[in-house]
Amino acid sequence: MTHAATARRLDLDARRREFPALADGFVFLDNAGGSAVLKRVADRVAEYMLTTSVQLGASYRPSADAAEKVSAAQAAVGRLLNAPHTDEVVMGGSTTLLLHLLGEALEPSVRPGDEIIVTDIDHEANVGPWRRLERAGAVIREWRVNRDSMDLELEDLDALLSDRTTWVAVTHCSNILGTVVPVAEVARRVHAAGARLCVDGVGYAPHRLVDVQASGADVYVLSFYKTFGPHYAAMWADRDLLEALPGLNHYFITDTPGKLQPGSVNYELVHGCGGIVDYLTDTGRALGAEGDDRALMAAAFDAFTAHEDALSERLLSYLRDRPDVRIIGRSRVGNGDRVPTISFTVGGRPSEDIVRQVERHGIGIRFGDFYAKRLIPALDADRNGGVVRVSMAHYNTGDEIDRLIGVLDDAMK
């Protein structure tokens, strides 16, 4: 990345024009629930379905063309993740489904007494499949949030790890706290104990450039519908691990990733996902960056982070000044340790009441537990019926946050 790229600011108008859903004036601040979709992604899905919607594997030209498009998009997703090999990327309908399939594939290898560590801050997608392995004799241990710091403390993980630990499952970024977990350090400790690490990157991928190699994870998952694309997902896993797993597809499909993609992938959605990488690299070029796709995407995410940090601090500053508000998570932006997913409660008021009042003004925020069912009672937010969550993306504007603050002021009177 060039120095010019780091100095140039994000052209927000140009970025917003890439997302048709943003054009109607509605303020969309529920991005952690699902981002706006790039027009170029939708165009690619339509183009595939209207011109190349044939079965792969035939010798005729349209089938060969379709295979080339799907293969190119899979390779682009591999670059997005920094996967060492494209065939390590398994794709499917959702991260919930992919982690369920992983659990099914791992179950025959579970020995009674194997210990698996899960957290109480994760989305249930990265908890349920591991807890179901209890039926094969696994012992589930829970890495619990510190109620005071609202962090997962590494010392608490150390106390849980043992020579019987086989897997640790943790989020890269909480979908309620907005906190970025230092997964590379987690991986170091997990691997030192002889165990493997599964990371849920769904809340991280829209805000930072994923690097599965730097993360130290053995398995890493993300959802494209929260990263500007279609309702589809990817799971990267180390090739040796994938090759050792039993297949879940037809008995004669033994290659990776096919053996863990029952019924094959959705071709048009895979092709559509390639548009995400195109958008990110084009954004990097517009910022003046040079280099390969990873360098261009890094420049884009650097600019996204700077903009999102400014939006986050704008809202957090307002919330910090209100004595009736409890911020659920870190109350300040600093050192890249939080993303613009901001949750809070207001006194003894139901969170739903706040959200219902805000949405009357054409602003979409949300309330609830967001499938992090165990975190809400752990932090005593269940008394409010869950948290109020405001989740921003790089295409949101300062004016939108100011508009939200004005509406919140009335709603929280």
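This report concerns the structure included in the present document. (Residues numbered from 1 in each chain as written. Predicted model: local features only at pLDDT ≥ 70, side-chain atom pairs only at ≥ 80, totals over all residues. Heavy atoms only, no water.)

## Some details on empty space enclosed by the protein
- Under the criterion given, the structure shown has 1 cavity of 30 Å³ or more.
- In this structure, the largest cavity spans a volume of roughly 40 Å³.
- Around the largest cavity sit His-100, Gly-103, Glu-104, Pro-129, Arg-132, Leu-133 and Arg-135, which together line it.
- For the lining of the largest cavity, the class distribution of residues is 2 nonpolar, 2 polar and 3 charged. (1 Å grid on protein atoms, 1.4 Å probe; cavity = no way out; pocket = protein on both sides within 12 Å on 5 of 7 lines; lining within 4 Å. Points joined across faces, edges and corners; volume = space filled by probe spheres on them. Nonpolar A, V, L, I, M, F, W, Y, C, P; charged D, E, K, R; others polar.)

## Details of the sheet that holds strand E13 (residues 387-391)
- In space, the 4 strands of this open sheet follow the order E9-E10-E13-E12, with antiparallel pairing throughout. Looking along the sheet, the strands with just one partner apiece sit at the ends: strand E9 (325-328) and strand E12 (366-368). Shown here is a sheet whose adjacent strand axes are inclined to one another by a mean of 35°, direction ignored.
- In terms of strand pairing, E9 meets strand E10 (residues 341-346) through 4 bridges, oriented antiparallel. Looking across to E10, one finds that Ile-327 is bridged to Phe-344.
- On top of the sheet, helix H13 (residues 351-359) reaches E10, E12 and E13; it is set at about 165° to E12, its chief contact. (Pairing = 2+ DSSP bridges. Helix = DSSP H or I, 4+ residues; strand = E, 2+ residues; numbered from the N terminus. Axes fitted to C-alpha atoms, helices over the stretch in contact; angles between N-to-C directions. Contact = heavy atoms within 4.5 Å.)

## Observations regarding the packing of aromatic side chains
- Scanning the model with the defined rule gives 8 aromatic pairs in all.
- Their ring planes at 40° and their centres at 5.1 Å tell us that Trp-130 and Trp-167 sit as a pair that is tilted. Taken together, the residues Trp-130 in helix H6 (residues 128-131) and Trp-167 in strand E5 (residues 165-171) connect sequence positions 37 residues apart.
- With relative accessibility at 3%, the residue Trp-130 sits in the buried group.
- The exposure class assigned to Trp-167 is buried, which follows from its relative accessible area of 6%.
- Ring plane angle 75° and centroid distance 5.3 Å describe the contact between Phe-301 and Phe-304, whose orientation is recorded as edge-to-face. Highlighted residues: Phe-301 and Phe-304, both in helix H12 (residues 293-320), separated by 3 residues, approximately one helical turn. (Phe/Tyr/Trp six-rings, centres within 6.5 Å; stacked < 30°, edge-to-face > 60°. Buried < 20%, exposed > 50% of the residue type's maximum accessible area, 1.4 Å probe, protein only.)

## Thoughts on the sheet that holds E5
- Spatially, E2-E8-E7-E6-E5-E3-E4 is the arrangement adopted by the 7 strands of the open sheet, whose pairing is mixed. In this open sheet, the two strands that pair with only one neighbour each are strand E2 (89-92) and strand E4 (139-143). Across this sheet, the average inter-strand angle for adjacent strands is 20°, counted without regard to direction.
- Sheet topology note: the strand E6 (residues 196-200)/strand E7 (residues 219-223) ladder contains 3 bridges and is parallel. Looking at E7, one finds that Asp-200 is bridged to Val-221.
- Packing against the sheet, helix H8 (residues 183-192) makes contact with E4, E5 and E6, and its axis sits at approximately 155° to E6.

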